[in-house]
Amino acid sequence: MIRSSVAVAAAVVVVIFQGAPAGFAQSGGVPSDRQSFAANATAILVDVVVRDRKGRPVTGLEAGDFEIREDGVLQAIATLSRVSRGGGIGVGIAWREADPTTLVRPAADAAGPAAPPDEETTTALVFDHLSSESLRLAQRATLDYVPMSGESSAHVGIFATDPGLRRVQSYTTDRGLIRRAVARVLPSGTAAEEHQAERSDDLMDRRRTLQGEVQLAVTGAVAGSGAALARNAAEVGRRETELRLIQTELNMVRSFDNLDRDHRGYDTAAGLMAVVRSLAERPGRKTIVFFSEGLPVSPALSARLDQAIDSANRANVTVYAVDANGLRAKSNLTAAQKEMQAFAEDRLVQTGTGSDRTEQPLTMALERVQDTLTLDSRSGLARLADETGGFLVEQSNDLSSAFRRIDEDNQFHYLLTYSPANAAFDGRFRAIQVKVRRPGMQVFARKGYRALRKPAAIDAGGYEQPALALLDRTPLPNAFPVQAAGFNFPDPARPGLTPVLVHVRTADLHYDVNPDRATYAGQVAIVVRLRDGQGREVQKFSQQYVLSGEAKDLEAARHGEILFYRESDLAPGVYTMETIVLDAGAGTGSARLATLTIPPLAAALNMSSLVVVSHVEAVSDGPSADVGAAPLYVGRNLLYPNLGEPLARAKGSALTFYFTLYGDVGQATAEAELLRDGAAVAMSPIALPDAAGHRIQHVGRLPTEALPAGTYELRIRVTTPRGEVSRTAYFTIGE
């Protein structure tokens, strides 16, 4: 169920001694002693917030005021602690309690566990795949709430999930660092969902027009002469052809929409689990404020969301979800009405003509209506928040009150402990229900926990292990073409910024066609593993791509490509980048090995990798002019690297290259040198653009029309009064 911005309070459930996953990008947190209440028995800790009818926190309850049940069975409360200490993201909230943490022990359990230590608070702000407009709303709301300077009473970290998970700011109490990190978050690109919806609307409108024209033409042919009949027959044929083309495009739009939804869902679930890991071993109360345009929950993604929720429950993490679209102009019911109208129109045409004009079973249209109703992307946000003890903020452009309620939850709550009557670690979900024996009380607590003696391993979707098994084979597999590369952009804010890219064409993949259902399906897994100079794994990225649709659209699907992109932050050194692309349908794969060198940061001048550019895309809602750590943006142009594809030689052909300079760049000069087999072919000075602060981004073109086929080396040398730096890139010109 989707709720409006109602204050749903935080709650935490944890199985003591179950162990927490290793931290991700952690900044020092020591596990809290509060997770060891019982030496020989399992203790369940439940974090509870109670509010009155007007939504105000209730702070004076005693242990006897609470009733707690597990799977409907009444449990004996061991201890209750009133915690009125901790921190907020922005403003401070004063409480009347003289003692910040008060232990209230039931008389029957005088020898119970000790009181928990004073609470700390850690909050992760996560910006998930936001378009430019939604990101501005989320940033403005956050910056309006977080003070300009000073120390926060909470540790706050900033994360972005597109592409992959990027740590923008480690956990800190410095409000200035928090504000600057929030301002550095970048939009994910175009609002693809809105664009596809608009295109679908246009196609539906055109289809209605054509269907009306076909009916008129048929009516005219019946009443007209032979010449009119011939003309009308030709017009009917033309319109029928266009109708088939429109239906094909509609099918493709729906297929790509499903594919995009699944990809974003996988990416978001993996990012959420990584943020949960970053919070797992930190002490005190832990929350995630999750800004998103929606979290779709298709059947394939439901299990991933369940896993993210289970991970949050095990790590004592409460998630507050914010629908960053704000007040939506179009509701989910509008989309459902459109699908129902399309279904009704198809049915009327079929009954009127006695033919299947939709070229697909009508049950598929009914399934689309059901899909639109049940897979509303906001339902996933509501579920994530509700089942982890937070609340969903939606249909509101004013998020300040939501932040205040989150701070209230962090700064005052109750901690209840009990030893469950059912002590079996059977892996099943145990439902928890907390009540207060006073009228008019609203009680908010987590819905339960999974009874595990230790946490299950974070599942990578079941696709990583077979891919890594191929990567560890000798010789390495090479079943189809794959390009992979990593680049270094020593931005002062992120000196080890390393974009990692993998490219594969969908034409080279295997697809299974189901003739009974008239569908196709394929699965691809991409895994990238980074090892340091001692061979130790320092980071791993992965994603699964599910390629599916109607069989008649298979050829169109073969003309696509997959571009895997992640960002890493690496310390200076030499790394090995191991890449495997697994075609699960064929059981084959291709591996690539590459060396990444991250040089130490120089005091005066630093230079990025030299990037050969495949093509450039103008992005209307891309980042602002101050792109900061967006390495492949130049203004509002997104540059796609060439990862090794040969360049075509044709009239007017040219090589596009790109690099960035950082530091003391005011008097920098540059020259380009082209070499083949180690011998210089050409040399030319480069006119660098004006510096933007302490950075210069340069995109240049090198004519290649006159160059014979072969492999070349491009070397860029940059000189300043304080030193010199150079970078090299290789490219191939085809026959």
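Residues numbered from 1 in each chain as written. Predicted model: local features only at pLDDT ≥ 70, side-chain atom pairs only at ≥ 80, totals over all residues. Heavy atoms only, no water.

### Notes on the confidence of the model for the chain
Selection criterion: Confidence of the predictor at the level of single residues is given by pLDDT, which spans 0 to 100. Helix and strand definitions here come from DSSP, where helices need a minimum of 4 consecutive H or I residues and strands a minimum of 2 consecutive E residues; each element is numbered from the N-terminal end. For this analysis, residues touch if any pair of their heavy atoms sits within 4.5 Å.
Chain-level statistics for the chain give a pLDDT mean of 76 and a share of 70% at 70 or above. Per-residue pLDDT, averaged within each element of the chain, yields its smallest value for strand E1 (residues 13–15) (31) and its largest for strand E17 (residues 483–486) (96). A low-confidence stretch, residues 107–118 (pLDDT under 50), is modelled with 20 contacts involving residues beyond four sequence positions or located in other chains. Considering only residues more than four positions removed or in separate chains, one finds that residues 624–628, a stretch of pLDDT under 50, has 9 contacts.

### Side note on the packing of aromatic side chains
Let me state the cut-off plainly: Each aromatic pair joins two rings of Phe, Tyr and Trp (for Trp, the six-membered one) with centres within 6.5 Å, and gets the label stacked for planes under 30 degrees apart, edge-to-face for over 60, and tilted for any other angle.
Following the criterion strictly, the structure yields 10 aromatic pairs and no others. Counting every residue linked through ring pairs, the aromatic cluster contains Phe127, Tyr145, Phe291 and Phe403.

### Let's talk about the pattern of salt bridges
Rules: The term salt bridge refers to a pairing of a side-chain nitrogen on Lys or Arg with a carboxyl oxygen on Asp or Glu at a separation within 4 Å. The classification of residues rests on relative accessible area computed with a 1.4 Å probe and restricted to protein chains. Under 20% of the type maximum is buried, over 50% is exposed, and intermediate values are partly exposed.
Inspection of every chain in the model, using the stated rule, returns 28 salt bridges. Between Arg51 and Glu408 there is a salt bridge, with its nearest N and O atoms 3.0 Å apart. Highlighted residues: Arg51 in strand E2 (residues 44–51) and Glu408 in helix H9 (residues 400–411), separated in sequence by 357 residues. Classification of Arg51 by relative accessible area gives buried; the value is 1%.

### Brief notes about the packing of helix H1 (residues 132–145) against helix H2 (residues 175–184)
Quick note on the threshold: Axis definition: a line fitted to C-alpha atoms, limited for helices to the stretch in contact. Angles are taken between N-to-C directions and run from 0 to 180 degrees. Here the angle decides the label: under 35 degrees means roughly parallel, over 145 means roughly antiparallel, 65 to 115 means roughly perpendicular, and every other value means oblique. Throughout, the ten residues Ala, Val, Leu, Ile, Met, Phe, Trp, Tyr, Cys and Pro are labelled nonpolar, Asp, Glu, Lys and Arg are labelled charged, and all others, Gly among them, are labelled polar.
Packing of H1 against H2 brings their axes to within 10 Å, and their N-to-C directions diverge by 170°. Compared by their axis directions, H1 and H2 come out roughly antiparallel. Taken together, the residues of H2 that come into contact with H1 (itself represented by Gln139, Thr142 and Leu143) are Arg179, Val182 and Ala183. Split by residue class, the contact of H1 with H2 holds 3 nonpolar, 2 polar and 1 charged.

### Here's the deal with the sheet that holds strand E14 (residues 429–436)
Across a sheet, strands are paired by hydrogen bonds formed along the backbone, either parallel or antiparallel in direction. Note the cut-off: At least two bridges found by DSSP between two strands are what make those strands a pair.
One open sheet holds the 4 strands; their spatial order is E4-E3-E14-E16, and the pairing between them is antiparallel. Two strands in the sheet have a free side with no partner beyond their single neighbour: strand E4 (73–75) and strand E16 (448–450). The average undirected angle you get between the axes of adjacent strands in this sheet is 30°. For E14 and E16, the ladder comprises 3 bridges, and the chain directions are antiparallel.

### Section: the side chain of Asp532
Selection rule: A 3.5 Å cut-off defines polar contacts: any pair of N or O atoms within that distance qualifies, except that in protein one atom must be a possible hydrogen donor and the other a possible acceptor, and neighbouring residues in sequence count only when both atoms are side-chain atoms.
Examined against the element boundaries, Asp532 turns out to sit in the loop between strand E20 (519–531) and strand E21 (537–550). A relative accessible area of 14% means that Asp532 is categorised as buried. Engagement of the side chain of Asp532 in a polar contact is seen with the backbone nitrogen of Gln534, the distance being 3.0 Å. Within the local environment of Asp532, its side chain forms a polar contact with the backbone nitrogen of Arg536, the two atoms lying 2.9 Å apart. Other than its neighbours up to four places away in sequence, Asp532 contacts Val538, Val574 and Tyr575.

### Digging into the packing of H1 against H9
Our working rule: By convention the crossing between two helices is left-handed if the near helix lies anticlockwise of the far one by an angle smaller than a right angle, and right-handed if it lies clockwise.
With their axes 9 Å apart at the nearest point, H1 and H9 run at an angle of 55° to one another. Judged by the angle between their axes, H1 and H9 are oblique. Helix-helix and strand crossings are classified by hand; for H1 and H9 the assignment is right-handed. Across from Ala141, Thr142 and Tyr145 in H1, the residues of H9 making contact are Ser400, Phe403, Arg404 and Asp407. Of the residues contributing to the contact of H1 with H9, the split by class is 3 nonpolar, 2 polar and 2 charged.

### Notes on the environment of Glu713
Following the sequence through the fold, Glu713 ends up in strand E33 (residues 710–720). On a C-alpha basis, the gap between Glu713 and Phe731 in space is 6.6 Å, while along the polypeptide they are 18 residues apart. Apart from residues no more than four positions distant in its own chain, Glu713 is found in contact with Glu673, Leu674, Leu675, Thr728, Ala729 and Tyr730. Among the polar contacts made by the side chain of Glu713, one reaches the side chain of Arg715 at a distance of 3.0 Å.

### Some details on the environment of Ala584
By the secondary structure assignment, Ala584 is in the loop between strand E23 (573–583) and strand E24 (588–598). In this structure Ala584 comes out as partly exposed when scored by relative accessible area, which is 40%. Sequence separation between Ala584 and Gln544 is 40 residues, and the spatial gap between their C-alpha atoms is 9.9 Å.

### Considering unusual backbone geometry
Pro475 follows Thr474 through a cis peptide bond whose omega is 0°. Take Pro475: it is sitting in the loop between helix H10 (464–471) and E17. Of note in this structure, Asp71 is not a glycine but carries a positive phi near 50°. Relative accessible area serves as the criterion here: at 44%, Asp71 is assigned to the partly exposed category. With a phi angle near 55°, Ala518 is a residue other than glycine that sits in the positive phi range. Mapped onto the elements of the fold, Ala518 is located in the loop between strand E19 (512–514) and E20.

### Side note on the sheet that holds strand E22 (residues 561–569)
If you trace the 3 strands from one edge of the open sheet to the other, you get E17-E18-E22, paired in antiparallel fashion. Both edges of this open sheet fall to E17 and E22, since each of them pairs with a single strand only. Strand after strand, the sheet turns through a mean of 10° between neighbouring axes, direction not considered. Here E17 pairs with strand E18 (residues 497–505) via 4 bridges, running antiparallel.

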